[in-house]
Structures are given as C-alpha cells and as structure tokens.
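What follows is each chain in one-letter form.
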Amino acid sequence: MSGMLKLIEATTGLTGLAVAINPHHNLSVLYNKILRTLQQMPETAAYRKYTEQIINERSAVLKQTPIVAEVEKKIGCGQAEELIFQAENELVLARKMLIWKPWEPLVSKAPKGQWDWPPTS
C-alpha cells in the first residue's frame, strides 16, 4: 500500500504534466521575468496594469506561503504545475505584447462599426 501512495504523490494526475521538483523557485523566477517584461511597457497600458496586479498578488502568496498545497489553494488556479504552465505562457505573451505594442494608436482609423457589439451590419 505504501508503494501505491508514493506513486500517487509522484504524479500530478494531469496527462502530460510532470511533477515540478521546486515549484516555489520555478514560479518565483517566472513571475520575476514577467514583471521585468511588463516594466518595459508604458504604465498606462491596460495589459501591464492588470497583469502586473495578478502577478504581484501571486508572487506575494508565494513568498508568504511555504507549503505548495497552500499556495495552490490561495491562488485558486490549479496545481503548482498548472501555475508554472500558466506563468510560462504569460511570459511568452508579455514578450509578444512588447513587439505588438497594442497601447500605441492604430496605424489607420478603424472602419465604422469596428468596435460595436452586437455588429450593426
């Protein structure tokens, strides 16, 4: 029975997602990279403001909570491995946002009705 218990502890239960060896360190590194990337954006950029808020909140939980299960519970967005996956994806997106610069004005005026919902046509 103890062998079975070890097997369960050694898996995430999520297909294709291996157990993170040091989730606190991995998340801390990723959150810091995301924050450094966001700091290259204008302070008024909506993506920066809201992403920075979320990452700062998660980072604070990580610093204040040494137990991984408690971190997962307080953040409430999945297992540590899922949080790492989310952070990796957010870092990729943040770096793309630096290239795309969605905070800059449009190159040309948007067509009439572009931002209307539901569409008027």
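Summarised in this report is the structure supplied together with it. (Residues numbered from 1 in each chain as written. Predicted model: local features only at pLDDT ≥ 70, side-chain atom pairs only at ≥ 80, totals over all residues. Heavy atoms only, no water.)

**Regarding the overall build of the protein chain**
Selection criterion: Under the DSSP-based scheme used, a helix requires at least four consecutive residues in state H or I and a strand at least two consecutive residues in state E, with every element numbered from the N terminus. To sort residues, take the accessible area from a 1.4 Å probe on protein chains only and compare it with the maximum for the residue type: under 20% means buried, over 50% means exposed, and anything in between is partly exposed. Residue contacts are defined here by distance: any two heavy atoms, one from each residue, within 4.5 Å place the two residues in contact. Using the Shrake-Rupley algorithm and a 1.4 Å probe, accessible areas are obtained, with residue cover drawn only from the displayed protein chains. A positive count includes Lys and Arg, and a negative count includes Asp and Glu. His and the chain ends are not counted in either. A charge is said to be at NZ when it belongs to Lys, at CZ for Arg, at CG for Asp and at CD for Glu.
Check the secondary structure of the protein chain and you find 5 helices and 0 strands. Mapped from its N terminus to its C terminus, the protein chain presents α and β elements in the order α-α-α-α-α. Taking the principal axes of the C-alpha coordinates as reference, the protein chain spans close to 65 × 35 × 20 Å. Within the protein chain, the fraction of its 121 residues that count as buried is 27%. When contacts within the protein chain are restricted to residue pairs at least 6 apart in sequence, those whose partners lie at least 24 apart make up 60%. Carbon and sulfur atoms form 58% of the exposed surface of the protein chain, whose accessible area is close to 8,900 Å². The protein chain carries 14 positive and 12 negative side-chain charges, and their two centres are separated by 6 Å.

**A look at the nonpolar core**
Cut-off, in case you're wondering: In these notes, a set of buried Ala, Val, Leu, Ile, Met, Phe, Trp, Tyr and Cys residues joined through side-chain atoms within 4.5 Å is what counts as a nonpolar core.
Counting residues in each nonpolar core, the largest one holds 21 residues, and the members touching the most others are Leu 27, Tyr 31, Ile 34, Leu 38 and Met 41. Sorting the residues of this core by element identifies helix H2 (23-38), helix H3 (46-64), helix H4 (68-75) and helix H5 (80-100) as the ones contributing at least two each. If you tally residues by element for this core, the top one is H5, at 7 residues.

**Some points on the environment of Arg 58**
Stated formally: Within 3.5 Å is the distance limit for a polar contact, defined as a pair of N or O atoms, with the added protein rule that one can donate a hydrogen and the other accept it, and that residues adjacent in sequence qualify only through two side-chain atoms.
Relative to the helices and strands, Arg 58 resides in helix H3. Since its relative accessible area comes to 15%, Arg 58 is described here as buried. Spatially, the C-alpha atoms of Arg 58 and Pro 119 are 37 Å apart, while their sequence positions differ by 61 residues. Apart from residues lying up to four places away in sequence, Arg 58 is in contact with Tyr 31, Ile 75, Cys 77, Leu 83 and Gln 86. In terms of polar contacts, Arg 58 uses its side chain to reach the side chain of Gln 86, at 3.2 Å.

**Notes on the packing of H3 against H5**
What describes two packed helices is the angle between their axes and the distance between those same axes. This is how the line gets drawn: Throughout, an axis means a line fitted to C-alpha atoms (over the contacting stretch in the case of helices), and angles, computed between N-to-C directions, take values from 0 to 180 degrees. Any angle from 65 to 115 degrees is called roughly perpendicular, while one under 35 is roughly parallel, one over 145 is roughly antiparallel, and all others are oblique. For a crossing to be left-handed, the near helix must be turned anticlockwise from the far one by less than a right angle; the clockwise case is right-handed. Under this grouping Gly is polar, as are all residues other than the nonpolar Ala, Val, Leu, Ile, Met, Phe, Trp, Tyr, Cys and Pro and the charged Asp, Glu, Lys and Arg.
Between H3 and H5, whose axes approach to 12 Å, the crossing angle comes to 155°. In terms of orientation, H3 lies roughly antiparallel with respect to H5. For the pair H3 and H5, the sense of crossing is left-handed. Two secondary-structure elements touch here, H3 through Tyr 47, Thr 51 and Arg 58 and H5 through Leu 83, Gln 86, Glu 90, Leu 93, Ala 94 and Met 97. Tallied by class, the residues present in the contact of H3 with H5 amount to 5 nonpolar, 2 polar and 2 charged.

**Things to note about unusual backbone geometry**
Cis geometry marks the peptide bond from Trp 117 to Pro 118, where omega comes out at -5°. Relative to the helices and strands, Pro 118 resides in the segment after H5. The backbone phi angle of Lys 101 is positive, close to 50°, even though this residue is not glycine. Using a relative accessible area of 34% as the deciding quantity, one classes Lys 101 as partly exposed.

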